[in-house]
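So the chains spell out like this:
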Amino acid sequence: MRSSKNAIALLLTVMFVIVISVAIGYSLKLINKGGKSVKDEMFMYQTSLMIEDVMKMLQNSRELQSIADTNNSIADLNAFLTQAAIIPFEAQGINVLIKITSARSKFNVNDLNNSRQANYLRQYFNKYMINGEYVTILFDLINGIKEDNSYNSAIFEDEEYLYRDALVSYSHLQKVNDFYAREYHDNSLANINLKDFFYFSQDKNITYTIDLNYATPEVWEMMLGCSSERAQELSVSGGAYEKMQDLGLQDDEKVRLQAFRVGFFEPYLFIDVELQKYGSGATISFEYDIKKKKGSNFVYKI
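Residues numbered from 1 in each chain as written. Predicted model: local features only at pLDDT ≥ 70, side-chain atom pairs only at ≥ 80, totals over all residues. Heavy atoms only, no water.

Chemist: How should I be thinking about unusual backbone geometry in this particular structure?
Modeler: Across the chain, the bulk of peptide bonds are trans and the bulk of non-glycine residues have phi less than zero. Even without a glycine there, the phi angle at Met-129 is positive, about 65 degrees. Tracing the backbone through its elements, the reader meets Met-129 in the loop between helix 4 (115-127) and helix 5 (133-142). Here the phi dihedral of Asn-149 falls at roughly 55 degrees; this positive angle occurs in a residue that is not glycine. Along the polypeptide, Asn-149 turns up in the loop between helix 5 and helix 6 (155-158). (Helix = DSSP H or I, 4+ residues; strand = E, 2+ residues; numbered from the N terminus.)

Chemist: Got a minute to help me understand the environment of Lys-277 in this structure?
Modeler: Positionally, Lys-277 belongs in strand 7 (residues 268-277). By relative accessible area, Lys-277 is classed as buried at 12%. Sequence separation of Lys-277 and Gln-92 is 185 residues, and the distance between their C-alpha atoms is 9.6 Å. (Buried < 20%, exposed > 50% of the residue type's maximum accessible area, 1.4 Å probe, protein only.)

Chemist: Would you mind going over the packing of aromatic side chains with me for this structure?
Modeler: Pairs of aromatic rings are described using the distance from one ring centre to the other and the angle between the two planes. Going through the model one piece at a time under the given rule, you end up with 16 aromatic pairs. Arranged with centres 5.5 Å apart and planes meeting at 65 degrees, the rings of Tyr-124 and Tyr-128 form a pair that is edge-to-face. Exposure remark for Tyr-124: the relative accessible area of 4% places this residue in the buried category. Between Tyr-199 and Phe-270, the aromatic rings sit 6.1 Å apart at their centres with planes inclined by 80 degrees, giving edge-to-face as the arrangement. Of this pair, Tyr-199 sits in strand 4 (residues 198-199) while Phe-270 sits in strand 7, and the two are 71 residues apart along the sequence. Through pairs of rings, three or more aromatic residues link up here, namely Phe-107, Tyr-120, Tyr-124, Phe-125, Tyr-128, Tyr-134, Tyr-180, Tyr-184, Phe-197, Phe-198 and Phe-260. If you follow Arg-104 out to its NZ or CZ, it ends over the ring of Tyr-268, 4.2 Å from the centre. It is Lys-195 that lies over the ring of Tyr-170; its NZ or CZ is 5.0 Å from the centre. (Phe/Tyr/Trp six-rings, centres within 6.5 Å; stacked < 30°, edge-to-face > 60°. Lys NZ or Arg CZ within 6 Å of the ring centre and 35° of its normal.)

Chemist: Whenever I open this one, helix 8 (residues 217-224) confuses me. Can you help?
Modeler: The element helix 8 is largely enclosed, with a buried count of seven among its eight residues. Of the surrounding elements, those touching the buried residues of helix 8 are strand 3 (107-108), helix 4, strand 5 (210-211), helix 9 (228-236), helix 10 (251-257) and strand 6 (262-263). Among the residues trailing helix 8, Gly-225 stands out with phi positive, at a value near 70 degrees. (Contact = heavy atoms within 4.5 Å.)

Chemist: What's the story with the environment of Gln-117 in this structure? I'm lost.
Modeler: With respect to the helices and strands, the residue Gln-117 is situated in helix 4. When its relative accessible area of 5% is taken as the criterion, Gln-117 is described as buried. Along the chain, Gln-117 and Arg-256 lie 139 residues apart, while their C-alpha atoms are 9.0 Å from each other. Not counting residues within four places of it along the chain, the set of residues in contact with Gln-117 comprises Phe-107, Asp-111, Leu-112, Ala-259 and Phe-260. From its side chain, Gln-117 meets the backbone oxygen of Ala-259 in a polar contact 3.1 Å long. (Polar contact = N/O pair within 3.5 Å; in protein donor to acceptor, adjacent residues only side chain to side chain.)

Right under this line is the structure:
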């Protein structure tokens, strides 16, 4: 009888210890979570200050001021982009990595505005075994809300709340890509590096012109309908193009190029800022107008 009582007492003691342990563990978890929240909030605050510092750095840059003051300064812009492509530093305990590229090297998908462009785009995708209906889906995403639901694809039946006034980011595009893969049972989009092909800007106040000195191989290939090898050559040789004759295009390529808004000096930078601290990370990207000294099209990823 006594041994039975002792066993019961021992069992109750063990259960009590387990309950206390769980309670302590849960409390510690809440404390750690609360501590992390405080650190994350501090990191967010420091991140906003850091972006202000980056903007001031750009606005006070003598190199960029020289580019702004000199009309059509192709050589100066190329020199700046070559020298300042990657800038790593540490400030206030935050590891910062700034990447600077041309903001006019890709095709702005929201600028898809005529049948010739759409036709060339379909040809390019077909070359890589991608159904031309992918372009139809893209049109649905950039042409706004239609009260009569007269869309050309079924994407909004699958993604009812998907934003449809513009494609605003690569993650937004990924929703489109996922729908395409499910709808057509096709993974061919993996054949193209869409990150080096599409640019996302919905700013209607900016006229988007592709800078041929920085156009990516994917963009060249689509615009000219040429081989990937020729597109690569045109892209690698960029930086010193000043006029059409410098490109050495064939007559049919010149005709195709007329379907796009292109130029040789577009003073806009794409700034990508990566920040790391406390095990937390953030990426903030934006477009910087060298002449107006203004940032726009900010995208935050926390």
